[in-house]
Structure formats: structure tokens, C-alpha cells
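Analysis of the macromolecular model
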Amino acid sequence: MIKTVYIENRVSNHPRTKEVLSRIPNAQQIRCDSYKEIFNPKNQNFRLQKKQPSLIIASKTGERVLSAPDGYGIGGRYNYYFSHMLNCIYDCRYCFLQGMYPSANYVLFINYEDFFDAIDNTTSALPKQKVWFFSGYDCDSLALDPITDFVSILLDFLQSRPEVHVELRTKSTQIRALLSGTPNPNVVVAFSLSPTKTADHFEEKTPSINKRLESMKRLAEHGWLLGLRFDPLIFDDSFEERYRDLFREVFHILPIKAIHSVTLGVFRMPKRFFQSIANLYPEEPLFASPLSNRSTLITYDPNLERQLINFCMRELTNYIEPERVFSCEKKNGKQLDKISSTPLKKVIQKNS
């Protein structure tokens, strides 16, 4: 899968670098001083790179844990995110990363312990508080885990830190590290889900919805908590039928007790990212759908957004308590992804 690996000189002898390279022994190895030399140059051909991305092994400097946007979370008060990787192996047409980064190559920051130190420093500043850390904002948390081994190392770190709560966001079926580990009640494995026809059209290279649900069922049987992320909601003429069928399938397969939280959010993207992606894929019908320019954000018209969210909310109340469902909202188009900490019941009252 990975034919070329760029390696920062400063991590070339790091034990984890050697471990990663041992898992892709046939890849060509090229040294560099900084990952930015490969990743940051402008005018790279993203579409061409996406056909055969390279891996860049690097060390993350500067801030490793960042405050989540105001309101981002699933009920917690203190919310942060971290990215041990940049970019995703999948090719979802609606993904903002294609407009955010100039390169389709993957960056793996192998100094995991520095991320963990940053998590410790963050929680130390908030004694006796429940603190949430979100993984999967700039990558898929599990997709390259057979190469990175990040999940098992993270789980070892979390064993002695009951104040730390983590969401692993994914579309992947790479769950071996989770199945071989002890379930941690402070870890939520959150899967992004779309109706099958929507996923088939927009989510290239991803596991099918059926395979994701099979993996989720196995995780639930093993004792892991799950997150359902119906995000982004994508409108078409059969929207209601497609999402009604999806919810029915999901809740038929998964046990309610294993579901930690559900989130909803319509398609949305910062305007400058949207313009970059539309230039990459000018033939994509998604970008010609009924979208609205709302300040700095491209998304659906407020009335259509309300219609989509309210329909899904009503359908979800047939399966799960409102307190476990959260709706994405935007204020003046300023945020990429704002998940309201107001649960479904209050949102329904507000929108009715």
C-alpha cells in the first residue's frame, strides 16, 4: 500500500521509527530534515498523490494538545483534541482535509509520549475534572493502526488516568488492538456512518457500512462503548427514506447499552476549503447541490438544515434516549464543527 516513506533525520534512529519501517519493509526510504519540506509546498497535485500517498515519519513540535472549538463535545465541559497523524487513507468527497492540506501524503508523528505528556499537563491544570480528548479530527484514528500501533500504546497510557476520556473517531475496521485490549469505560470508539448508497457514492476506499457495523458489534460484545456519528448528513430527494433505513439497521444490530452517544451534523465546510476541493473535483454533483454561503461556511440553507436535523432527531427518539443524542450547530458560520453540548430533548424544544 505504501511505496515510499520519508523520514525526518531527527527520528531516523527512534525505536518506533524502526518498528514502523519493519511493518512496511518493501517501501523506499528517503531522509529529510523536516516533514514540512514534503508536506507543505504549494501547487502539489493532490488528486495524483491520493492515488498513491507516501508516509512521512516525523516528530511533532509545538502544541500537541489543542482546545476544541467552543461547544465541541459530547456532554463534557472540558474538550481538547490531538492529532498523532495528518491526513486519512480514505477518499471521502466531503472531507475538509482535502481543502485544508496541500498534500495527500500521510504524516505520522511518532513521539507519542510527548502527546501523552501534553494530555497529563492539560488534566493537571483541571484537577478532579472529567476532561475529553478527541482523536480523529485530522486523520482516521484506527485506519493505519496496524502500522502505527498507536491504539495499544494509548490504552496502556490511559490505564492509570481515570480523569482522561478519549474519543477515537473512525470509519475503519482495524479493531484488533481494541479486541486484544481491556475495555476502558473512558474510551468511546466513534464510527462515522452514512446510508449505504450515500457511502458508496461519496466515501471511496472506506469499509462498507455493513462491515463497520460488524466491527462495532464485535467491539460492543467485547465491552467497548460506541459512538454513532451521523455526520455529515447529505441531502437528496430520498433523504428521509435512506436515513430511516440506516437508523433501523444500526439499532437492530447494535445493543443500546453499548452506545455512549449519537451526534448529528449536516454537510458543512469552511469556504476556502470548499473552493479548493471544488477545483479538484469540478464534476462532483455534491458541490452543485442546494448549498448556501453562510458567512465563511458553505452548508445548507438554514431551513433545509433544520428540516434534516429535526427529521433525524424525531427518528432517533424511536431507538435511544434523547440525553444521549447531540446536534451540531453553527454560529455565524465561524466554526468547522461545533457539536452542541445541549442534548436532543432541549434542542427539539428549541426548534419546535
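This is a predicted model, so every value here is computed, not measured.

Residue-level pLDDT values for the protein chain average 91, and 93% of them are 70 or greater. Here residues 330–352 is a poorly scored stretch, pLDDT under 50, and it has 69 contacts once near neighbours within four places are set aside; other chains count.

Let's shift gears to the sheet that holds strand β3 (residues 55–58). Pairing within the open sheet is mixed, and its five strands lie in the order β2-β1-β3-β8-β6. Whereas interior strands pair on both sides, the edge strands pair on one side only; in this sheet they are β2 (28–32) and β6 (85–86). Of the pairings in the sheet, the one linking β6 to strand β8 (residues 106–109) comprises two bridges and is antiparallel in character. Within β8, the position partnered with L86 by the bridge is V107.

Right, let's talk about the packing of aromatic side chains for a bit. Counting across every chain of the model gives 20 aromatic pairs. Ring centres 4.9 Å apart and planes at 5° place the aromatic pair F251 and Y319 in the stacked group. Placement of the pair is F251 in helix α11 (residues 239–253) and Y319 in the loop between α13 (302–316) and β18 (325–328), with a sequence separation of 68 residues. Among the aromatic residues, those joined into a ring-pair cluster are F82, Y112, F115, F116, F150 and F157. Here K60 stacks its cationic end above the ring of F109, 5.6 Å away from the centre of that ring. A cation over an aromatic ring shows up here: R93 above the ring of Y281, its NZ or CZ 3.8 Å from the ring centre.

Moving on: the pairing of strand β1 (residues 4–8). Burial runs high along β1: five of the five residues are buried. Here β1 shows no split at all, with T4, Y6 and E8 on one side and V5 and I7 on the other all buried. Bridge count between β1 and β2: five bridges; the pairing is parallel. Within β2, the position partnered with Y6 by the bridge is I30. In the classification by handedness, the crossover that spans β1, the intervening helix α1 (residues 15–22) and the parallel β2 is right-handed. Of the pairings in the sheet, the one linking β1 to β3 comprises three bridges and is parallel in character. Its bridge partner being in β3, Y6 is matched across the sheet by I56.

A separate point is unusual backbone geometry. With an omega of 5°, the peptide bond running from D231 to P232 counts as cis. Within the secondary structure, P232 is located in strand β13 (residues 225–233). In this model, D149 sits at a positive phi of 60°, which is unusual for a non-glycine residue. Assignment of secondary structure puts D149 in the loop between α6 (145–148) and α7 (150–158).

Take the environment of K128 next. In this fold, K128 is placed in the loop between α5 (112–124) and β9 (131–135). By relative accessible area, K128 is classed as exposed at 87%. Measuring from C-alpha to C-alpha, the distance between K128 and E163 comes to 7.1 Å, with 35 residues separating the pair along the chain.

What helix α12 (residues 271–280) keeps buried is the set F273, F274 and I277. Across the axial projection of α12, the buried residues extend over an arc of 100°, all falling on one side. Facing away from the buried side of α12 by more than 90 degrees, the exposed set consists of R272 and N279. Next to the buried residues of α12 lie α4 (97–100), β15 (268–270), β16 (291–294) and β17 (297–300).

In protein structure, a disulfide is the covalent linkage between the sulfur atoms of two cysteines. Per the stated rule, a full pass over the model turns up zero disulfides. Not engaged in a disulfide, the cysteine C88 finds its nearest cysteine sulfur in C95; these two sulfurs lie 6.3 Å apart. We note that C92 lacks a disulfide partner, and the nearest cysteine sulfur, in C88, lies 6.4 Å from it.

For the rest of this paragraph, the subject is the pairing of β18. A two-sided burial pattern is seen for β18, the buried positions comprising V325 and S327 on one face and F326 and C328 on the other. Taken together, the three bridges between strand β14 (residues 259–266) and β18 define a ladder with parallel strand orientation. Within the sheet, the bridge partner assigned to V262 lies in β18 and is V325.

Cut-offs used in this document
Residues numbered from 1 in each chain as written. Predicted model: local features only at pLDDT ≥ 70, side-chain atom pairs only at ≥ 80, totals over all residues. Heavy atoms only, no water. pLDDT = per-residue confidence, 0-100. Contact = heavy atoms within 4.5 Å. Pairing = 2+ DSSP bridges. Helix = DSSP H or I, 4+ residues; strand = E, 2+ residues; numbered from the N terminus. Phe/Tyr/Trp six-rings, centres within 6.5 Å; stacked < 30°, edge-to-face > 60°. Lys NZ or Arg CZ within 6 Å of the ring centre and 35° of its normal. Buried < 20%, exposed > 50% of the residue type's maximum accessible area, 1.4 Å probe, protein only. Right-handed = clockwise from strand over helix to strand, strands pointing away. Arc of directions from axis to C-beta. Disulfide = S-S within 2.5 Å.

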